[in-house]
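Given next are the chains, with one letter for each unit.
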Amino acid sequence: MPNKVEEFNTYRAKMNDKLLAENNKLIKRIFNLDTNAFMEGALDIKTKELLGLVASAVMRCDDCVKYHLESSKEQGATKEQVMETLSIATLIGGTIVIPHLRRAFEYWEALEENEA
């Protein structure tokens, strides 16, 4: 049985492939814009991923939170940095973000387990 991280990434890749295969110009441009926005620039990639994590938590998008947690980890973010980032998201988003905070913490633990 796949773990949470593998399950999320497998589904995400499968559905992204299907969406992009439709050859819709607008969808392709949005995907490209997203990719380019998170490239190295005036801000380093890790900072951009942590900003994406805040925005995703405030917008209450669990898939986005998972994506940015994983990307942040790949960029070297520590648990302490992620928790501080999520605390800011909870402050800005309010208590309605707490369920997403719980799921984010659970997914971070799954990412750590995958490293072991």
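Each residue is numbered by its place in its chain's sequence as written, counting from 1. Selection of residues for local features in this predicted model requires a pLDDT of at least 70, selection of side-chain atom pairs for listing and counting requires 80 or more, and totals for whole chains, interfaces and linings are taken over all residues. Computation of side-chain values covers all heavy atoms of the structure but excludes hydrogens and water.

A. Layout of the state of the cysteines. Any pair of cysteine sulfurs within 2.5 Å is marked as a disulfide. Applying the stated criterion across every chain, the model contains one disulfide. Bridging Cys61 to Cys64, the disulfide has an S-S length of 2.4 Å. As the torsion about the S-S bond is roughly 60°, the Cys61-Cys64 disulfide counts as right-handed. Three exposure classes are used, based on accessible area relative to the maximum for each residue type with a 1.4 Å probe and protein chains only: buried under 20%, partly exposed in between, and exposed over 50%. For Cys64, a relative accessible area of 30% gives the class partly exposed.

B. Spatial organisation of the nonpolar core. One finds Leu53, Leu69 and Val82 to be the most contacted residues of the largest nonpolar core, which totals 18 residues. The contacts of Leu69, once residues within four sequence positions are left out, are Leu53, Val82, Ala104, Tyr107, Trp108 and Leu111. Residues belong to one nonpolar core when they are buried, are Ala, Val, Leu, Ile, Met, Phe, Trp, Tyr or Cys, and are joined through side-chain atoms within 4.5 Å. Two residues form a contact once any of their heavy atoms are found within 4.5 Å.

C. Quick look at unusual backbone geometry. Located in the positive-phi region is Asn23, a residue other than glycine, with phi close to 60°. By the secondary structure assignment, Asn23 is in the loop between helix H1 (4-21) and helix H2 (25-37). Of the residues examined, Asn23 reaches a relative accessible area of 56% and is grouped as exposed. Even without being a glycine, Arg60 presents a positive backbone phi close to 65°. Numbering of helices and strands starts at the N terminus; helices are DSSP runs of H or I of at least 4 residues and strands are runs of E of at least 2. Assignment of secondary structure puts Arg60 in the loop between helix H3 (45-59) and helix H4 (62-74). Judged by relative accessible area, Arg60 falls into the partly exposed class, the value being 41%.

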